[in-house]
Amino acid sequence: MDNFDVIIVGGGLAGLVAAAELGDRGKRVALIDQEPGHFLGGQAFWSLGGLFLVDTPEQRRMGIHDSRELALNDWMGSARFDRKQDYWPRKWAEAYVDFAAGEMRSWLHGMGMRWFPVVGWAERGGSFANGHGNSVPRFHLTWGVGPGVVEPFEARVRDHAATGRIQLKFRHRCSAILTENGAATGVAGEILADDLSLRGQSTNRDVVGDFELRAPSVLVTSGGIGGNQDLVRQAWPRDRLGEPPERMISGVPAHVDGRMIAIAQAAGARTINTDRMWHYTEGIRNWDPIWPDHGIRILPGPSSMWFDAEGNRLAPPCMPGFDTLSTLREIVATGHHYSWFVMTQKILKKEVALSGSEQNPDFASKRWLEVIRQRVLNRKATPAVEAFKEHGEDFVVADTLEDLVEGMNRLGTVPVDLEKLNAQIVARDSQVDNPFTKDAQLMAVHAARNYRGDRLMRTAKPHRILDPKNGPLIAVRLSIITRKTLGGLETDMNGQVFNPSGELVPGLFAAGEVSGFGGGGYHGYNALEGSFLGGCIYSGRQAGRATSIA
């Protein structure tokens, strides 16, 4: 039986950040994870590496005027906190915006992190100034993408592991948080057999032994439920989003299974806002999958026309990159599990990017020449996007609209009417040369191109979709892709967990997605992007620095 100051359950980004901070404080830490050692970093490894930062040099160089006040207005307008239990989530939201507008960038920069100079404009909202969405671009893409975010914290943890201060215990699956007199005192579980599966693949659950570890503090950093569709469906907010789709694809590996949530509850923890969740609407099935039902999200520019399964154009703010949950609600309301992008090759080249570190080898390489070669000088889209166009089961490519609709109807479960689709595209095309357009999406395109970052990298020059010189035509069948848990274990600002009576559980802490990225749901109902990794970093740091933790 080993004894530690702190036991951390989960080797993702939040766990690594907390472990690094605790190690710096001289604490003896055990970091346990059910997956093999080469999975260290968890879901963050697979991410695009975007961070929500405020009023940065990167923004100012791109002509973006941002402030803590504007960011907080955007956050609160998106979160729409409206419940009594939102007290701590609101506190976390305010503190994170302060962090993002304050020392976050300089602290990460001091650890060697750098960002692509063109700041992305994600989740633009599209409704009112006091509603959902980012008023300005804030999505800072880390050089090295997800692995580049994980790298400095993993390096710090491994340095402490080399001295013996931190013990890394992989293939240790926690099945119970031990308690005495209502206080957490350790963990117990099973040792799983070694597994050489590639990172992200499903690993075996063969038990080869048991373990028990003791510590006065237990920190749960085990992630959310996005890889467990049964739990997603159980928590689905039917009153707000309708019935969950018949088919969904998974944006996270199967090990993002949510099992530690129930284990923490059994030890006395309280969960709140479990009906708040974040799933993307632009999912495509990976033609070269790593995990079960592996989905990749299209990160769209603003120009693709978006139609429901029956070929009806979605109304604003349901436009590419504007309001994820509003679009999710509209798609689900059709009774079908998919929708369609219709675009040209010119739009594909300029505007279609893919989530996932493995889909962006140029940004992962940290080499400018690779980025310019693949995204500026290349006549086609990036190799990863072109590979999906060629091999992906969700893509239809055709020279004429007639052939495009024929291909869409082979893939879809309900027919798209050629004449109706043609009429909607013709109406849109008629507004392309009109600077006084009444088409809301074309207004958004013109607004996007006022930002030189979008004009350079992410927004195609407006053109007629049905003009053959802009072709070929491309239709993409889009599925709902599971991703993030916005509610979770309720905590104070130190990450200490509350029980159902509203009292702090001695010795029990949580950080990262399992705590709704802080407090039990610091996003509220909506996310502004870059706040998932940012929340893991901030909540992990808060717990790691809390004097109450050890």
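Check the entry above for the structure.
Reading the values: rules and limits
Residues numbered from 1 in each chain as written. Predicted model: local features only at pLDDT ≥ 70, side-chain atom pairs only at ≥ 80, totals over all residues. Heavy atoms only, no water. Helix = DSSP H or I, 4+ residues; strand = E, 2+ residues; numbered from the N terminus. Rg over C-alpha atoms; globule rule 2.2 N^0.38 Å. Buried < 20%, exposed > 50% of the residue type's maximum accessible area, 1.4 Å probe, protein only. Contact = heavy atoms within 4.5 Å. Areas by Shrake-Rupley, 256 points an atom, 1.4 Å probe, with all protein chains shown as cover. Pairing = 2+ DSSP bridges. Axes fitted to C-alpha atoms, helices over the stretch in contact; angles between N-to-C directions. Phe/Tyr/Trp six-rings, centres within 6.5 Å; stacked < 30°, edge-to-face > 60°. Salt bridge = Lys/Arg side-chain N within 4 Å of Asp/Glu carboxyl O. Left-handed = near helix turned anticlockwise from the far one by under 90°. Nonpolar A, V, L, I, M, F, W, Y, C, P; charged D, E, K, R; others polar.

Caption draft 1: Expanded view of the overall build of the chain. Helix and strand counts for the chain stand at 19 helices and 22 strands. Against the globule reference of 24 Å for 550 residues, the chain gives a C-alpha radius of gyration of 23 Å, in line with a compact fold. Along the longest, intermediate and shortest principal axes, the C-alpha atoms of the chain span 70 × 45 × 45 Å. Buried positions account for 64% of the 550 residues belonging to the chain. Across the chain, the fraction of contacts at a sequence separation of at least 24, relative to all contacts at a separation of at least 6, is 76%. Per element, the accessible surface of the chain, about 20,200 Å² overall, is 50% carbon and sulfur.

Caption draft 2: Region of the structure containing the sheet that holds strand β6 (residues 166–170). Spatially, 6 strands are ordered β6-β3-β2-β10-β22-β21 in an open sheet, and the strand pairing comes out mixed. Each edge of the open sheet is held by one strand with a lone partner, namely β6 and β21 (496–498). Mean inter-strand twist for the sheet, computed between neighbouring axes without regard to direction, equals 30°. Taken together, the 4 bridges between strand β2 (residues 6–9) and strand β10 (residues 217–220) define a ladder with parallel strand orientation. When the sheet's bridge partners are listed, isoleucine 8 is paired in β10 with leucine 219.

Caption draft 3: Broad picture of the packing of aromatic side chains. One pass over the structure, following the stated rule, counts 24 aromatic pairs. Centre to centre, the rings of tryptophan 75 and tyrosine 96 are 5.6 Å apart; their planes meet at 50°, and the pair counts as tilted. One end of the pair, tryptophan 75, is in helix α3 (residues 68–79); the other, tyrosine 96, is in helix α4 (residues 87–101), with 21 residues separating them in the sequence. Like tryptophan 75, the residue tyrosine 96 is buried in the burial classification.

Caption draft 4: A look at the pattern of salt bridges. Per the counting criterion, the structure on display carries 36 salt bridges. We note a salt bridge from arginine 105 to glutamate 58, for which the minimum N-O separation is 2.8 Å. Of this pair, arginine 105 sits in helix α5 (residues 104–110) while glutamate 58 sits in helix α2 (residues 57–61); the two residues are 47 residues apart in sequence, bridging distant segments of the chain. Each member of the pair, arginine 105 together with glutamate 58, is buried. Among the salt bridges present, the one from aspartate 293 reaches arginine 285, with a minimum N-O distance of 3.7 Å.

Caption draft 5: Quick peek at the side chain of serine 531. As for its placement among the helices and strands, serine 531 is situated in helix α19 (residues 531–545). Not counting the four nearest positions on each side in its chain, serine 531 is found in contact with Phe52, Trp75, Phe517, Tyr522 and His523.

Caption draft 6: Quick peek at the environment of glycine 520. Residue placement: glycine 520 occurs in the loop between β22 (504–510) and α19. Judged by relative accessible area, glycine 520 falls into the buried class, the value being 0%. When the C-alpha positions of glycine 520 and leucine 504 are compared, they lie 14 Å apart, and in sequence the two are 16 residues distant. Ignoring sequence-local partners within four residues, the contact set of glycine 520 consists of Pro89, Ile272, Asn273, Leu486, Gly487, Gly488, Leu489, Glu490, Thr491 and Ser515.

Caption draft 7: A look at the packing of α3 against α4. At a minimum axis separation of 10 Å, α3 and α4 run at an interaxial angle of 145°. Remark: the crossing between α3 and α4 carries right-handed chirality. In this structure, α3 uses Arg68, Ala71, Leu72, Trp75 and Met76 to contact α4, whose residues at the interface are Arg90, Ala93, Glu94, Tyr96, Val97, Asp98 and Ala101. For the contact of α3 with α4, the per-class residue count stands at 8 nonpolar, no polar and 4 charged.

Caption draft 8: View of the pairing of strand β8 (residues 183–192). Counting buried residues along β8, 9 of its 10 residues qualify, which places the element largely inside the surrounding structure. Sheet topology places strand β7 (residues 172–180) next to β8; 8 bridges connect them, and they run antiparallel. From the neighbouring strand, threonine 179 faces β8, where its bridge partner is alanine 184. Joining the antiparallel neighbours β7 and β8 is a turn of 2 residues, in which asparagine 181 adopts a positive phi near 55°.

Caption draft 9: Focus on unusual backbone geometry. In the segment running from proline 316 into proline 317, the intervening peptide bond is cis, with an omega of 5°. Along the polypeptide, proline 317 turns up in the loop between β15 (305–308) and α10 (324–333). Residue proline 472 is bonded to the preceding glycine 471 through a cis peptide linkage, with omega at 5°. Following the sequence through the fold, proline 472 ends up in the loop between α18 (452–458) and β19 (473–485). Its identity is not glycine, yet glutamate 123 carries a phi of approximately 45°, on the positive side. Among the structural elements, glutamate 123 can be located in the loop between α5 and β5 (139–141). With phi around 55°, asparagine 181 is a residue other than glycine that occupies positive phi space. Relative to the assigned elements, asparagine 181 resides in the loop between β7 and β8.

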